[in-house]
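Read off the chains here:
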Amino acid sequence: MRGRLHVVGFGPGGKEHMTFKAAEVIQNADVVTGYTAYVNMVKPYFPDKEYKATGMMREVERCRMAIEDAMSGKDVAMISSGDSGIYGMAGIIYQLAEEMGADIDIDTVPGMTAASTAASVLGAPLMHDLAIISLSDLMTPLDLIMKRVDCAGQGDMIVCLYNPKSKTRTTYLDQARNILLKYRSPDTPVGIVRDAGREGEWSKVTTLGGMDPDDVDMFTIVIIGNSQTYESNGRMITPRGYKVGGE
Ligand code: SAH
């Protein structure tokens, strides 16, 4: 039988945030593969499946292994958190499968990305044009990342920062803030959400000037409002349009 590989975004963690499609694909798979932390999140919902948790294995090795399993005729679900196509595994899988000449069926199963989950925790901050930017410079040169932050600032776009901080990357968030302060008031609302949609969820609405980088870590997403975003009763709201009173 021709092997299949599904690159599945299972959302932030809780089963209520998983699509029916993601659940169905995981349920029907011969083997469920993924980073150990993700396997541990999904396992309680599908306890009878065969799992292959891949620890700190490098991304490319993990993808190669999943492709090889599919090449042997298995139905493989490769799980990743949020959306598998947003800073997820989908891209590498397609690239690598082509490079390996793998004769398998691949499909991308989308999931709820961290920006959507965090936005729901904060209220309604993403009601207008937005830019999603990762502050990780593992794959992207830092000057290009900051250029994108600058462009988003110029365009008055709401900015969602993924990978805002790690143990070694501690200053990029401040750098991004300073760029946005060229275009936006220090009072601009900022939402910080850690572990959105999963156990230990924590959030705070603060301001661009007052944001404390100590509140932010690698399990956190930072949403910076546009010039129209306001805070009300602890909720962060961006009006749908620029004109008050409708279209
Ligand atoms: N594919 C994932 C993103 C992976 S990049 C998605 O679509 O959501 C990893 C970064 O995403 C983290 O550093 C963090 O900034 C953000 N992130 C992922 N899940 C999160 C969650 N539940 N709560 C807050 N931020 C999250």
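Refer to the structure above for everything that follows.
Criteria and cut-off values
- Residues numbered from 1 in each chain as written.
- Predicted model: local features only at pLDDT ≥ 70, side-chain atom pairs only at ≥ 80, totals over all residues.
- Heavy atoms only, no water.
- Near = heavy atom within 4 Å.
- Polar contact = N/O pair within 3.5 Å; in protein donor to acceptor, adjacent residues only side chain to side chain.
- Areas by Shrake-Rupley, 256 points an atom, 1.4 Å probe, with all protein chains shown as cover.
- Buried < 20%, exposed > 50% of the residue type's maximum accessible area, 1.4 Å probe, protein only.
- Helix = DSSP H or I, 4+ residues; strand = E, 2+ residues; numbered from the N terminus.
- Arc of directions from axis to C-beta.
- Contact = heavy atoms within 4.5 Å.
- Pairing = 2+ DSSP bridges.
- Phe/Tyr/Trp six-rings, centres within 6.5 Å; stacked < 30°, edge-to-face > 60°.
- Lys NZ or Arg CZ within 6 Å of the ring centre and 35° of its normal.

Student: When you look at the site of the ligand in this model, what are you seeing that I'm missing?
Tutor: As a matter of local geometry, the ligand sits amid 19 residues, with Asp83, Ile86, Thr113, Met218 and Thr220 nearest to it. One of the backbone N or O atoms of aspartate 195 is found 3.5 Å from a nitrogen atom in the ligand. With the chains in place, 91% of the 540 Å² that the ligand exposes on its own is no longer accessible.

Student: Would you explain helix α4 (residues 90–100) in this entry?
Tutor: Helical geometry: 3.6 residues make up each α-helical turn, so side chains three or four residues apart lie on a common side. Looking only at α4, the buried set comprises Ala90, Ile92, Ile93, Leu96 and Ala97. In a view along the axis of α4, the buried residues occupy a sector of 155°, so they form one face of it. Seen from the open side of α4, the exposed residues pointing more than 90 degrees away from its buried face are Gln95, Glu98 and Glu99. Close packing links the buried residues of α4 with β1 (4–9), α3 (59–71), β4 (75–80) and β5 (105–109). Residue glycine 101 follows α4 closely and has a positive phi angle near 60°.

Student: For this particular structure, what's the right way to read the sheet that holds strand β12 (residues 230–232)?
Tutor: Hydrogen bonds along the backbone pair up the strands of a sheet, which may run parallel or antiparallel. With mixed pairing, the 3 strands of this open sheet are ordered in space as β6-β13-β12. With one partner strand each, in any of the chains shown, β6 (123–124) and β12 form the two edges of the open sheet. Bridging between β6 and strand β13 (residues 235–237) involves 2 bridges; their strand directions are parallel. Opposite alanine 124, over in β13, you have isoleucine 237 as the bridge partner.

Student: Would you explain the side chain of threonine 206 in this entry?
Tutor: Along the polypeptide, threonine 206 turns up in strand β10 (residues 202–207). Filtering out sequence-adjacent residues up to four positions away, threonine 206 remains in contact with Thr188, Pro189, Val190, Ile192 and Met211.

Student: Whenever I open this one, the pairing of strand β8 (residues 158–162) confuses me. Can you help?
Tutor: Every regular strand shows the same layout, with side chains that alternate between the two sheet faces. β8 sits mainly inside the fold: 5 of its 5 residues count as buried. Of the two faces of β8, the one lined by Ile158, Cys160 and Tyr162 and the one lined by Val159 and Leu161 are each fully buried. Looking at chain direction, strand β7 (residues 130–134) and β8 are connected through 5 bridges and run parallel. If you follow isoleucine 133 over to β8, its bridge partner there is leucine 161. Relative to strand β11 (residues 220–224), β8 runs antiparallel, the two sharing 3 bridges. Bridge pairing links leucine 161 to valine 222 in β11.

Student: I would appreciate a short explanation of the packing of aromatic side chains in the present structure.
Tutor: Each aromatic ring pair is characterised by the separation of its centres together with the angle its planes make. In this structure the tally under the stated criterion is 3 aromatic pairs. Aromatic pair phenylalanine 10 and tyrosine 38: ring centres 5.8 Å apart, planes at 70°, arrangement edge-to-face. Taken together, the residues phenylalanine 10 in the loop between β1 and α1 (20–28) and tyrosine 38 in helix α2 (residues 36–42) connect sequence positions 28 residues apart. For phenylalanine 10, a relative accessible area of 0% corresponds to the buried category. Measuring from centroid to centroid gives 5.6 Å for tyrosine 35 and tyrosine 38, while their planes differ by 75°, and the two rings are edge-to-face. Tyrosine 38 sits in the partly exposed class, given a relative accessible area of 23%. Three or more aromatic residues link up through ring pairs in this structure, and these residues are Phe10, Tyr35 and Tyr38. Of note, lysine 15 hangs over the ring of phenylalanine 46, and the distance from its end group to the ring centre comes to 5.3 Å. A cation over an aromatic ring shows up here: arginine 194 above the ring of tryptophan 202, its NZ or CZ 4.9 Å from the ring centre.

Read these as geometric descriptors, not functional statements.
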